[in-house]
Amino acid sequence: MIKVGTLYRQRMADSVKTGVSKKSSTFVVSYRGISSAKMNILRKDLKRKKAEVLVSKTSVARIALKGAKYEDLAGCIDGQMALILSNADASEVSKVLIKFAKDYEGFIVRGGLLDGAFLSEDQVKTLSDLPTREVLLAKLLGTMIAPVTRFAGGLNAKTRDLMSILKQKSDVGETPASS
């Protein structure tokens, strides 16, 4: 017969493993001294960005992450912690976390995973400084279309010059002849 505590830890470890493996980005945060009301504000902000908060016992999360071959992320776990899991734009999620960390002392972003690659605390801060995916795609499109735009402008310039010359010639021919 399995004890209730053992069953709870197994289910929690399974939810940590599946959450980390099925999501494209995972962040480990420490929230010592943060009230549940403030954490609920964070949950709502993260939910708008399509991210979820998974709170687990430290030892269970550490064992689950080591079992899932995420030793670097397991090393970030310390004290009262939570995992932030998301398939959305990691830059937007990290912006929410870094802003919350600036606003509330005791909330620390320890590290994360982005598509299986480990991110240190500094790398998460750098990620939060990046523009959103949509802005980066718009910049890429602008860069790709710039040569075509310049080429079209060059073609139009020659046509404008020709039209200007023809207009000047026609204006010269319309002046009344003086006797």
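Above this text sits the structure in question.
Residues numbered from 1 in each chain as written. Predicted model: local features only at pLDDT ≥ 70, side-chain atom pairs only at ≥ 80, totals over all residues. Heavy atoms only, no water.

Looking only at helices and strands, the chain has 7 helices and 5 strands in total. In sequence order, the chain lays out its α and β elements as α-β-α-β-α-α-β-α-β-β-α-α. C-alpha atoms of the chain, sized along the principal axes, occupy 120 × 30 × 25 Å. Looking at the 179 residues of the chain, the share that counts as buried comes to 30%. (Helix = DSSP H or I, 4+ residues; strand = E, 2+ residues; numbered from the N terminus. Buried < 20%, exposed > 50% of the residue type's maximum accessible area, 1.4 Å probe, protein only.)

What follows is about the pairing of strand 3 (residues 81-86). For strand 3, a buried count of 6 out of 6 residues is recorded, marking the element as mostly surrounded by other parts of the structure. The alternating pattern of strand 3 places Met81, Leu83 and Leu85 and Ala82, Ile84 and Ser86 on opposite faces, both of which are buried. Of the pairings in the sheet, the one linking strand 1 (residues 25-31) to strand 3 comprises 6 bridges and is antiparallel in character. Bridged to phenylalanine 27 within strand 3 is isoleucine 84. (Pairing = 2+ DSSP bridges.)

What follows deals with the sheet that holds strand 1. Pairing between the strands of a sheet is mediated by backbone hydrogen bonds and can be parallel or antiparallel. Here 5 strands make up an open sheet; going across it, the order is 2-3-1-4-5 and the pairing antiparallel. Bordering the open sheet on either side are strand 2 (51-55) and strand 5 (117-119), each of which pairs with just one other strand. In this sheet, neighbouring strand axes are inclined to one another by 20 degrees on average, regardless of whether the strands run parallel or antiparallel. Note: strand 4 (residues 107-114) against strand 5, 3 bridges, orientation antiparallel. When the bridges of strand 5 are listed, leucine 114 appears paired with alanine 117. Across the sheet, helix 1 (residues 4-22) lies against strand 1, strand 2, strand 3 and strand 4, angled at about 40 degrees from strand 3, the strand it touches most. (Axes fitted to C-alpha atoms, helices over the stretch in contact; angles between N-to-C directions. Contact = heavy atoms within 4.5 Å.)

Moving on, we come to the pattern of salt bridges. Summed over all chains, the structure comprises 6 salt bridges. The residue lysine 99 makes a salt bridge to aspartate 103 at a minimum N-O spacing of 3.0 Å. Taken together, the residues lysine 99 and aspartate 103, both in helix 5 (residues 90-103) and 4 residues apart, mark about one turn of the helix. The exposed category is assigned to lysine 99, whose relative accessible area is 54%. Put simply, aspartate 171 and lysine 167 hold a salt bridge, and the shortest N to O gap is 3.7 Å. With aspartate 171 and lysine 167 both in helix 7 (residues 133-174) and 4 residues apart, this pair spans about one turn of that helix. The exposure class assigned to aspartate 171 is partly exposed, which follows from its relative accessible area of 37%. (Salt bridge = Lys/Arg side-chain N within 4 Å of Asp/Glu carboxyl O.)

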